[in-house]
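Notes for the structure review
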Amino acid sequence: MKFGGTSVGRPERMHQVKDLITRGDEPTIVVLSALSGTTNALVGIGEALAAGDKTLAKDRIDTLHAHYLAFYPELLKTPGARAQAEEIIREHFEFLNILLKISFNEAINRDILAQGEMLSTKLFYTLLGELEIPAVFLPALDFMSIDENSEPELPKISEKLKAILAEHPQERLFITQGYICKNHRNEVDNLKRGGSDYTASLVAAAIHASVCEIWTDIDGMHNNDPRIVDRTRPIAELSFDEAAELAYFGAKILHPASIWPAQLHNIPVKLLNTMQPDAGGTLIKASVETTGVKAIAAKDGITAIKVKSSRMLLAYGFLRRIFEIFEKYKTPIDMITTSEVAVSVTIDDLSHLEQILEELQALGSVEVDRNQTIICIVGNMVSETKGAIKSVMDSLVDIPVRMVSYGGSRHNVSILVDAQYKVQALKNLNEGVFSW
């Protein structure tokens with residue numbers, strides 16, 4: 001069971017989580033995110049230290065410290081538990097304050113980012129102790145690891161975790177951190193933003209869990225972005241492939257990487273709402289019966305790159321040379337379309353854009369369109385459903401479409417539009433594609 005930042009962000013919410021994790025009969029591993037707002041605050045502290053602005057860093061540390069000093073008295077009632085919490089908070093903020101006196105580096109920054117999950121799990125574990133609910137504190141740094149390519153080492157995670165659990169055969173409840181891990185240098189590292197979902201899925205795969213539950217503040221995966229479009233609805237069931245497409249292309253409820261570990265071992269994933277625990281939510285499993293369009297998601301911050309060469313038609317290996325440039329700079333491609341004289345690709349990682357463009361110019365003329373959005377239309381066998389692509393394109397008849405990716409997946413049609421048309425595109429598709 002994984003609980004996100006909003007699910008543990010207020011004392012009363014932590015009490016709700018306590019109720020949820022104790023109502024079942026199965027042994028349970030609970031994965032907690034940092035309190036909502038904490039990771040952003042820690043990022044800000046790291047940025048201030050990186051810029052050498054220790055006054056700003058100190059202000060940000062003190063502001064976050066004040067938040068926790070106000071949080072724990074509402075969470076805990078007994079003097080003993082409050083004293084424990086005060087010591088936990090003192091220890092972590094003493095660490096942050098020590099960093100003001102030493103030289104900053106990237107390894108220290110990763111240590112800073114780990115503090116949020118450490119704090120939330122220790123405070124929650126203190127709450128369980130106060131309420132005399134038996135539980136084991138399970139430090140993620142004892143078993144969660146990534147290799148030199150920042151990929152999780154699932155066999156090693158499984159071996160370590162099973163050994164730890166075997167030491168507690170009678171225990172039913174284990175509390176651990178999302179997001180954080182050790183890297184191949186045995187330093188504190190992380191699974192990037194949204195990584196608590198990834199932790200939960202990896203843990204579920206490692207122990208062959210009966211189910212992986214992702215608890216957030218929304219009742220399942222919706223068929224469109226409820227922040228933009230009226231009359232959205234939760235989707236009852238999705239296949240792993242459909243959910244992976246939606247997560248990758250912008251559905252914020254689920255971390256994009258969190259599907260494959262569960263899919264690898266065929267472990268169902270449930271997306272549930274901490275605030276409405278009895279709502280149906282969304283069940284993600286190996287296969288579903290329904291076909292056609294199920295959901296729409298949007299991924300912002302996209303840059304489109306077109307490489308045009310009059311020699312392309314006769315140039316054997318042209319595509320390979322293009323892809324090698326992106327591979328060299330470890331930059332993933334989201335969409336690709338080709339013609340006889342041009343190739344268009346999209347990326348969202350711009351950290352090596354200038355070097356990539358410079359090398360691409362040796363292959364032909366290069367055009368760049370920034371501030372684009374990918375609209376992803378997902379459904380089981382959507383590319384084989386009669387009329388599906390027509391309803392999509394009819395819905396976008398008044399919107400300029402930059403690229404279309406169709407047929408690369410049985411579950412996905414992707415459309416690239418300028419970001420200024422995103423909201424209108426989502427609304428048009430909601431009206432044109434779904435039957436109400």
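See the structure printed just above.
What this report covers is the structure whose coordinates are included nearby. Since this is a predicted model, take the numbers as computed values, not measurements. Residue indices begin from 1 for each chain and proceed along its sequence in written order. With pLDDT at 70 or above as the cut-off, local features in this predicted model cover only qualifying residues; side-chain atom pairs require 80 or more to be listed or tallied, and sums for whole chains, interfaces and linings still use all residues. To obtain the side-chain values, all non-hydrogen atoms of the structure were used and water was disregarded.

This paragraph deals with the overall build of the protein chain. Strands here are runs of E lasting at least two residues and helices are runs of H or I lasting at least four, both read from the DSSP assignment and numbered beginning at the N terminus. When its secondary structure is counted, the protein chain shows 13 helices and 16 strands. Atoms considered for the radius of gyration are the C-alpha atoms alone. The globule rule reads 2.2 Å times the number of residues to the power 0.38. The C-alpha atoms of the protein chain give 24 Å as radius of gyration, which agrees with the globular expectation for 436 residues (22 Å, within 12%). Expressed along its principal axes, the backbone C-alpha trace of the protein chain runs to roughly 75 × 50 × 40 Å. Counting over 436 residues, the protein chain shows a buried share of 50%. In this tally Asp and Glu are treated as negative and Lys and Arg as positive; neither His nor the chain ends contributes. Lysine's charge is taken at NZ, arginine's at CZ, aspartate's at CG and glutamate's at CD. One way to put it: in the protein chain the 44 positive side-chain charges average out to a point 2 Å from where the 57 negative ones average out. Only protein chains enter the calculation, and the probe is 1.4 Å; a residue is then buried if its accessible area is under 20% of its type maximum, exposed if over 50%, and partly exposed in between.

Moving on to a nonpolar patch on the surface. What makes a patch is a set of residues exposed beyond 30% relative accessible area and free of salt bridges, joined within 9 Å when like-charged and within 5 Å when nonpolar (Val, Leu, Ile, Met, Phe, Trp, Tyr). Exposure was quantified through the Shrake-Rupley algorithm and a 1.4 Å probe, taking into account, for residues, occlusion by the shown protein chains and nothing else. A carboxyl oxygen of Asp or Glu within 4 Å of a side-chain nitrogen of Lys or Arg is what we treat as a salt bridge. A surface patch of nonpolar side chains, amounting to about 280 Å² of accessible area, comprises Met393, Val401, Val404 and Tyr406. In this structure, Val401 sits in the loop between α12 (388-395) and β15 (403-409).

By the convention used here, strands pair only if DSSP detects at least 2 bridges between them. Strand order in the open sheet formed by 8 strands is β3-β4-β2-β1-β7-β9-β10-β8, with mixed pairing between adjacent strands. Across the chains shown, the open sheet's two edge strands, defined by having one partner strand only, are β3 (136-137) and β8 (237-239). Pairing geometry for strand β1 (residues 2-3) and strand β7 (residues 212-216), over 2 bridges, is parallel. Its bridge partner being in β7, Lys2 is matched across the sheet by Ile214. This element, helix α5 (residues 106-130), spans β2 (28-32), β3 and β4 (173-177) of the sheet and lies at about 160° to β4. Every residue pair with non-hydrogen atoms within 4.5 Å of one another is taken to be in contact. Geometry is summarised by axes, namely lines fitted to C-alpha atoms with helices restricted to the contacting stretch, and by angles between N-to-C directions that run from 0 to 180 degrees. Contacts between helix α8 (residues 240-248) and the sheet are confined to β8, β9 (269-273) and β10 (282-285), with β8 contributing the most and set at about 90° to the helix.

For Ile336, the position within the fold is in strand β12 (residues 336-338). The exposure class of Ile336 is partly exposed, given its relative accessible area of 34%. Here the alpha-carbon distance between Ile336 and Ser287, two residues 49 residues apart in the chain, equals 27 Å. Not counting residues up to four positions away in its chain, the partners in contact with Ile336 are Phe323, Val343, Ser344, Val345 and Met403.

A word on helix α10 (residues 318-328). Listing the buried residues of α10 in full gives Phe318, Ile322, Ile325 and Phe326. The buried side chains of α10 occupy one side of the element, clustering within an arc of 95° when seen end-on. Structural note: α10 exposes Glu327 and Lys328 on the side pointing more than 90 degrees away from its buried face. Packing partners of the buried residues in α10 comprise β11 (295-308), β13 (342-347) and α11 (353-360). Downstream of α10 by a residue or two, Lys330 has a phi angle that is positive, lying close to 50°. Of all possible arcs, the one meant is that of the directions from the helix axis to the C-beta atoms.

Inspection of the sheet shows β11 paired to strand β14 (residues 365-378) by 11 bridges, in the antiparallel sense. If you follow Lys299 over to β14, its bridge partner there is Ile374. Here β14 pairs with strand β16 (residues 412-418) via 7 bridges, running antiparallel. Bridge pairing in β16 places Thr373 opposite Val417.

It is worth spelling out the sheet that holds β16 at this point. Across the sheet, 6 strands lie side by side as β12-β13-β11-β14-β16-β15; this open sheet has antiparallel pairing. Of all strands in the sheet, those with a lone pairing partner are β12 and β15, marking the two edges. The mean angle between the axes of side-by-side strands here comes to 25°, regardless of whether they run parallel or antiparallel. Relative to the sheet, α12 contacts β14, β15 and β16, its axis offset from that of β16 by approximately 15°.

What follows is about the packing of aromatic side chains. Aromatic rings from Phe, Tyr and Trp, with only the six-membered ring used for Trp, were paired whenever their centres fell within 6.5 Å, and each pair was classed as stacked if the ring planes differed by under 30 degrees, edge-to-face if by over 60, and tilted otherwise. For the structure shown, the criterion picks out 3 aromatic pairs. Residues Phe3 and Trp215 carry aromatic rings whose centres are separated by 5.8 Å and whose planes lie at 20° to one another, so their mutual orientation is stacked. Of the two residues, Phe3 is situated in strand β1 and Trp215 in strand β7; the sequence distance between them amounts to 212 residues. Look at Tyr68 and Phe93: their rings are 5.9 Å apart centre to centre, the planes differ by 55°, and that puts the pair in the tilted class. Of this pair, Tyr68 sits in helix α3 (residues 54-75) while Phe93 sits in helix α4 (residues 79-98), and the two are 25 residues apart along the sequence. Owing to a relative accessible area of 0%, Tyr68 belongs among the buried residues under this scheme. When the NZ atom of lysine or the CZ atom of arginine is within 6 Å of a ring's centre and also within 35 degrees of its normal, the charge is said to sit over that ring. Above the face of the Tyr248 ring, Lys299 is positioned so that its terminal group lies 3.8 Å from the ring centre.

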